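Fold and contact review
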Amino acid sequence: MQKEHIIYSGTVKVNIVKNGSLMGKMTVDHITKVIKEKYVQDKIIVLWLMAAPSGFPFYQALIERVERDRFLREIIKKTHFFQFDDYPISRNSKKFSVTFRYLLENELFKPLRNLCGELHYIHLLELTGTDKDKEISIAYQEELLNLREKNSYIIQLKGIGMDGHWGFHGSETPLEMPPAMIAVPMNKQNIQQQRIDWPEFFPRAEDVPKTAYTFNVNMFLLADEIIDNVPQPTKEYAVLATYGTDDIINEIPSSALKKHYNAQAYITEKAAKALIEFRKGRENDKGYKLNNTTLNRLRDLWKDDANQPYSQQNIKIMEEVLKKLNMI
């Protein structure tokens, strides 16, 4: 495969690249070009960022680019940063280190401050784990919407959950909901992903918080531009279900990205392996279905010897989605 392989899924340009490092660099190259153009047009720059391992290559590439680019440092100091979602855990809690606020502050904002000085417009979702959180989430939603009504340009960097979720908007939440920040239950597939991503925090399923706050898909779609980053091989099924066809289905919330007029994805070869296999098969046979080798590899993504019932349920859910997409 060449350095970059491009396919289209609905409206989305999907760039398949060799590895996570290249994915992060290409994403930063694109975003830097866009925000410089918008900045000289006097736009308010807004970066709406996921807080997850999918974003780490982007964080690192952005930090490296900021270090050597004086004009970009000037822009970053005035950029508004928003997050997607978080657990309802107070900053004073002993569990605060599992929150996405903590992750963003330590993995991104702290290194950027060391390079740029004070960042003036960091908007964190300061949940408390109390009845106040609904009010806090509504106020946070309004902060973003108010900026959108001004002379702003909002770039969103998203990832795809193992089950296709977007933020924490999963299959249990209807795609047709009006734009909002909502509280959602953590479903079994999402819980398994959190344990894979954060084994130091969530050694058992019961350690994962039962609920989380998230913007929903129709709120995400209000961004001026959306970029998807998926580096992990563990997301192979989700990438296939999101971009394998032009279908938009409730079971795969990230598939709704294909509604957006200005969206693209940067995905590693390993994360896109099943997608590439499926697309090649469909080039020669419009009725092509996944072969057993690929399907067994996708089943293995959900295997968890410590929790066999979760594994079996998650594999069943995956296969039902693949049947709905006419892939098996």
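Quick summary incoming for the structure in this document. What you are looking at is a predicted structure, and each value in this text was computed from that prediction instead of being measured.

About the cut-offs
- All residue numbers refer to positions counted from 1 along the written sequence of the respective chain.
- Since the coordinates come from a predicted model, pLDDT governs what is reported: local features require at least 70, and pairs of side-chain atoms require 80 or more to be given and counted, while whole-chain, interface and lining totals use all residues.
- Side-chain measures were taken over the full set of non-hydrogen atoms in the model, leaving aside hydrogen atoms and water.
- Under the DSSP-based scheme used, a helix requires at least four consecutive residues in state H or I and a strand at least two consecutive residues in state E, with every element numbered from the N terminus.
- Working definition: with a 1.4 Å probe on protein chains only, accessible area under 20% of the residue-type maximum means buried, over 50% means exposed, and in between means partly exposed.
- Two strands pair under a simple rule: DSSP has to find at least two bridges between them.
- In what follows, a contact means two residues having at least one pair of non-hydrogen atoms within 4.5 Å.
- Only the stretch in contact is used when a helix axis is fitted, and all axes are lines through C-alpha atoms; the angle between N-to-C directions ranges over 0 to 180 degrees.
- A clockwise path from the first strand over the helix to the second, with the strands pointing away from the viewer, defines a right-handed crossover.

**A closer look at unusual backbone geometry**
Look at D42: it is not a glycine, yet its phi comes out positive at around 65°. Here D42 is to be found in the loop between α1 (20-40) and β3 (44-49). We note that N326 has phi near 60°; this positive angle belongs to a residue other than glycine. The residue N326 is located in the segment after α11 (308-324) in this model. The class of N326 is partly exposed, set by a relative accessible area of 39%.

**Some details on the sheet that holds strand β5 (residues 85-86)**
Adjacent strands of a sheet form backbone hydrogen bonds with each other and so pair up, either parallel or antiparallel. Taken in spatial order, the 3 strands line up as β5-β9-β8 in an open sheet, and their pairing is antiparallel. Either end of the sheet is taken by a strand with one partner, and the two such strands are β5 and β8 (181-185). Where β8 lies against strand β9 (residues 211-215), 5 bridges are found, and the strand directions are antiparallel. Bridging from a neighbouring strand, I182 pairs with T214 of β9. Sitting on the sheet, helix α5 (residues 133-148) is in contact with β8 and β9, with an inclination near 20° to β9.

**Re the pairing of strand β11 (residues 263-268)**
Of all 6 residues in β11, 6 are buried, a share of seventy percent or more. Of the strand pairs in this sheet, strand β2 (residues 12-17) and β11 are connected by 5 bridges, and their pairing is parallel. Within β11, the residue paired with K13 across the bridge is Q264. In this structure, strand β10 (residues 225-230) lies alongside β11, joined through 5 bridges in parallel fashion. Pairing of I226 across the sheet is with A263, part of β11. The parallel pair β10 and β11, bridged by helix α8 (residues 236-243), forms a crossover whose chirality is right-handed.

**Some words on the environment of M26**
Tracing the sequence through the fold places M26 in helix α1. Residue classification places M26 among the buried positions, given a relative accessible area of 13%. Distance in space between the C-alpha atoms of M26 and F58 is 8.8 Å, their sequence separation being 32 residues.

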